[in-house]
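Report on the structure
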Amino acid sequence: MSEQTVEEPIEELDAEDEGVTRRGFVKVAVGGMALVYAGAVGYPIYKYLDTPVERAEEEAKVTSIALTKGEDKLAPGSALMFKFGSHPAMLIHHLDGKWVAFTAVCTHLGCTLPLWKAGSSTITCACHGGQYDPKTGKNVAGPPPRALQTYNVTVAPGVVTISKA
C-alpha cells in the first residue's frame, strides 16, 4: 500500500461564508412570484370595486353640456347620439318640433339603445326587446323596470344645451 500525503488540509466552510444558498434563493424567488401573482389578481379586483365610486363622482360633476356643431339644425324627425358625461345619450327632434333628450342606456341590463328612427312609435332595445316611448322615455313594453332618464333641452341659434332634469 502506498501512503498519500496531504499537502494542505481542506478548510471547512462556515455557514456564514456560504453566501446565498440554493434554499435561500428559491425562497426569495417563490416569494417574488407570489407577490407578482397577488398583484396581477388583486389589481383588477380593486379597479372593479373602485370604478362605481369614480363613475358616480364623474357623473356628479357633469350637470349640462352644450352641443355646438350645428345640432340646432337637426332635421325634424331625426335623432342624434352624444355623450352626457360618460354615458351615451340620445337627442330627438320630433316632427311636431318638440326636442327631447334621454340617456341611451336601457334600464333593464344597461345595453346601449340603438338610434331612434323617424316614424317609429318606440325606442326598442336590441338586447332584450325593451321598448320606450320616444316622447316621454317611459317604458311601454318588455323587461325594463323604469323609464329612461330624461334631460332638459334648450335650443338656441348655434347651440343645443342639454342639462339634468
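First, a word on scope: everything that follows refers to the structure included in this document. (Residues numbered from 1 in each chain as written. Predicted model: local features only at pLDDT ≥ 70, side-chain atom pairs only at ≥ 80, totals over all residues. Heavy atoms only, no water.)

So, about the layout of surface pockets. To find leftover empty space, one rolls a probe the size of a water molecule over the atoms. Estimated volume of the largest pocket: approximately 240 Å³. Contributing to the lining of the largest pocket are 15 residues, with H87, T103, V105, R146 and Q149 lying nearest its centre. When grouped by side-chain class, the residues that make up the lining of the largest pocket number seven nonpolar, five polar and three charged. (1 Å grid on protein atoms, 1.4 Å probe; cavity = no way out; pocket = protein on both sides within 12 Å on 5 of 7 lines; lining within 4 Å. Points joined across faces, edges and corners; volume = space filled by probe spheres on them. Nonpolar A, V, L, I, M, F, W, Y, C, P; charged D, E, K, R; others polar.)

What follows deals with the side chain of H93. With respect to the secondary-structure elements, H93 resides in strand 3 (residues 87-93). The class of H93 is buried, set by a relative accessible area of 8%. In this view, H93 contacts L74, A75, P76, G77, S78, K98 and W99; residues no more than four positions away in its chain are not counted. (Helix = DSSP H or I, 4+ residues; strand = E, 2+ residues; numbered from the N terminus. Buried < 20%, exposed > 50% of the residue type's maximum accessible area, 1.4 Å probe, protein only. Contact = heavy atoms within 4.5 Å.)

Here the focus is helix 1 (residues 22-61). Since the α-helix advances by 3.6 residues per turn, residues separated by three or four positions end up pointing in the same direction. Its 40 residues give helix 1 an end-to-end C-alpha distance of 57 Å, which sits within 8% of 58 Å, the value for a rise of 1.5 Å per residue. D50 marks the point of greatest bend in helix 1, at about 35°, and the proline P52 comes within the next four residues. (Expected span 1.5 Å × (residues − 1). Bend = angle between axes of the 7 residues up to and from the residue.)

Another aspect to go through is the state of the cysteines. Covalent bonding between the sulfur atoms of two cysteines is what defines a disulfide. Enumeration over the complete set of coordinates arrives at one disulfide. Between the sulfur of C111 and that of C127 lies a disulfide, 2.4 Å long from S to S. In this structure, the disulfide formed by C111 and C127 twists by about -125° around the S-S bond and is classed as left-handed. Here C127 lies in the loop between strand 5 (123-124) and strand 6 (131-132) and C111 lies in the loop between strand 4 (99-103) and strand 5, a separation of 16 residues in the sequence. This cysteine, C106, is not joined by any disulfide, and C125 carries the nearest cysteine sulfur, 3.9 Å off. (Disulfide = S-S within 2.5 Å.)

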